[in-house]
Amino acid sequence: MAFNKENTILLSYRHSFHAGNFADVIKHIVQVEILEHLLKKDKPFEYIDTHAGAGLFSVKSDDMQKLQEYNNGIGKLDSNNFPEISRYFEAIQAYNDTKNLEFYPGSPAIAKHFLRSHDRAWMYELHPQDFKHLSNNIAQSRKIKVVQDDGLKGLNGLVPTPSRRALILIDPSYEIKTEYELVIDSVIKAYGKFSTGVYAIWYPVVERNTINMMERKLKNSGITNIQQFELGIATDSSGRGMTSSGMFVINPPWTLKDKMSSLLPKLAQTLAGNPELFKCNILVEE
Ligand SMILES: C[S@@+](CC[C@H](N)C(=O)[O-])C[C@H]1O[C@@H](n2cnc3c(N)ncnc32)[C@H](O)[C@@H]1O
C-alpha cells in the first residue's frame, strides 16, 4: 500500500496474482451455492459485488503465471470427484472452450453466468486498472452496472434492494488493517436497513486474533442467522501469510451448512492433504 501527494491510498493488491487459489475456491463455491438458491424462485434478485476485481483472469497471463497459486487451488480439483459442486465447474467451463483451464472467472463473471434477464447486479471496483479490465470483461448493460467507486459506500446506498432478495458479496483485499472492522461495521449498517439480504463476507486468516475480533463483533451485533465456513492449507501461524480463508454468511440458504459440512473435509484433503483443516460453524442461531 502507498499514498499519493493528496495522501489518498493507492491500492497495490491485484487479484490477478492470486486468481483460482484455495481462497477463491471456497469463496466462489459459496457464491455459487447462494446464487443457485436464489435462482430456485422465478422472482428476480439483486447481486452486489462490493470488491469486484478484474472479473475474469487469463491463466497464461504473466500475473497468474508469476505465483501460480491456482495450482494449489482450482488446479488440484477434478470435477469428476466433486459432482456436488457441478455448477461451480459449469461456471468455469462457460469461460473455457476446452477442458483446459485457460480462464478463471472472478466473482463478477461467475455471477454474470447465472443472472437471468430480470435479475440485476452492481459491481464495484476502485483500482483504475482493474476497473478497466472489469469494464472490458463484464459489459455494462441494463442488467449489470459496473462502478468505479468504494463498494462499501455503494452498498449503503443500494439497500434495501428493489426485490428484497439479494446476494451481497464482500471480498476486500484487507490491505489496510482497519478494513476488518470497517467491513463488519458496514455490514451491520446495511443489515439495519435490509435484514433479509444474504451477506457473504470473505476473510483471510493471516492473524487468528483479527478473525476472532470479527467473530466477536458479529456475535455482539444483534444480527441473527450467521454461519462460518473456513478452509485451510496449513495450521494457524503468525507471520507466514494466509494459512486459511473463510466466509461469514448471514441469512444462508437452509441447505448450505449440510452441503459444506460434507464438502469441506473433502476439499481440505484434496488441497492440503489434511481433512481436518476446515471450519463449519453456526456463529449465531436463527
Ligand atoms: C480480493 S479482490 C476481489 C476479487 C473478486 N471478488 C473475485 O472473486 O474475483 C479485492 C478487490 O477490491 C478492490 N478494492 C479495494 N478496496 C476497494 C473499495 N473500497 N471499493 C471497491 N473495490 C475495492 C481491489 O482493487 C481488488 O481488486
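Residues numbered from 1 in each chain as written. Predicted model: local features only at pLDDT ≥ 70, side-chain atom pairs only at ≥ 80, totals over all residues. Heavy atoms only, no water.

1. Observations regarding the site of the ligand
Near the ligand there are 22 residues, and of these His28, His51, Ser107, Glu125 and Asp171 occur at the shortest range. A distance of 2.8 Å is found between an oxygen atom of the ligand and a side-chain nitrogen or oxygen belonging to His28. Within the backbone of Leu126, a nitrogen or oxygen atom sits 3.3 Å from a nitrogen atom of the ligand. Grouping the amino acids of the shell around the ligand by side-chain chemistry returns six nonpolar, 10 polar and six charged. (Near = heavy atom within 4 Å. Polar contact = N/O pair within 3.5 Å; in protein donor to acceptor, adjacent residues only side chain to side chain. Nonpolar A, V, L, I, M, F, W, Y, C, P; charged D, E, K, R; others polar.)

2. A short note on the confidence of the model for the chain
Residues at a pLDDT of 70 or more form 97% of the chain, whose mean pLDDT is 95. With pLDDT under 50 throughout, residues 1–7 is counted as low confidence; its partners more than four residues away or in other chains account for 12 contacts. (pLDDT = per-residue confidence, 0-100. Contact = heavy atoms within 4.5 Å.)

3. What about the nonpolar core?
Buried together is how nonpolar side chains tend to be arranged in soluble globular proteins. Ranked by internal contacts, the top residues of the largest apolar core, which has 92 residues, are Tyr88, Met214 and Met260. Contacts of Met214, omitting those with residues within four sequence positions, involve Tyr174, Tyr180, Val183, Ile184, Tyr203 and Phe248. (Core = buried A, V, L, I, M, F, W, Y, C linked by side-chain atoms within 4.5 Å. Buried < 20%, exposed > 50% of the residue type's maximum accessible area, 1.4 Å probe, protein only.)

4. Considering the packing of aromatic side chains
Aromatic rings in a pair are described by how distant their centres are and how their planes are angled relative to each other. Under the counting rule described, the total for this entry stands at five aromatic pairs. A centroid spacing of 4.4 Å and a plane angle of 25° characterise the contact between Tyr174 and Tyr180, whose relative ring orientation is stacked. Judged by relative accessible area, Tyr174 falls into the buried class, the value being 7%. In this structure Tyr180 comes out as buried when scored by relative accessible area, which is 8%. For the ring pair Tyr174 and Trp202, a centre distance of 6.2 Å and an interplane angle of 45° mean the geometry is tilted. Pair noted here: Tyr174 is in the loop between strand S8 (166–170) and helix H7 (179–193) and Trp202 is in strand S9 (residues 198–205), with a separation of 28 residues, a long-range link. Judged on exposure class, the residue Tyr174 and its partner Trp202 are both buried. An aromatic cluster of three or more residues is present, and its members are Tyr174, Tyr180 and Trp202. (Phe/Tyr/Trp six-rings, centres within 6.5 Å; stacked < 30°, edge-to-face > 60°. Helix = DSSP H or I, 4+ residues; strand = E, 2+ residues; numbered from the N terminus.)

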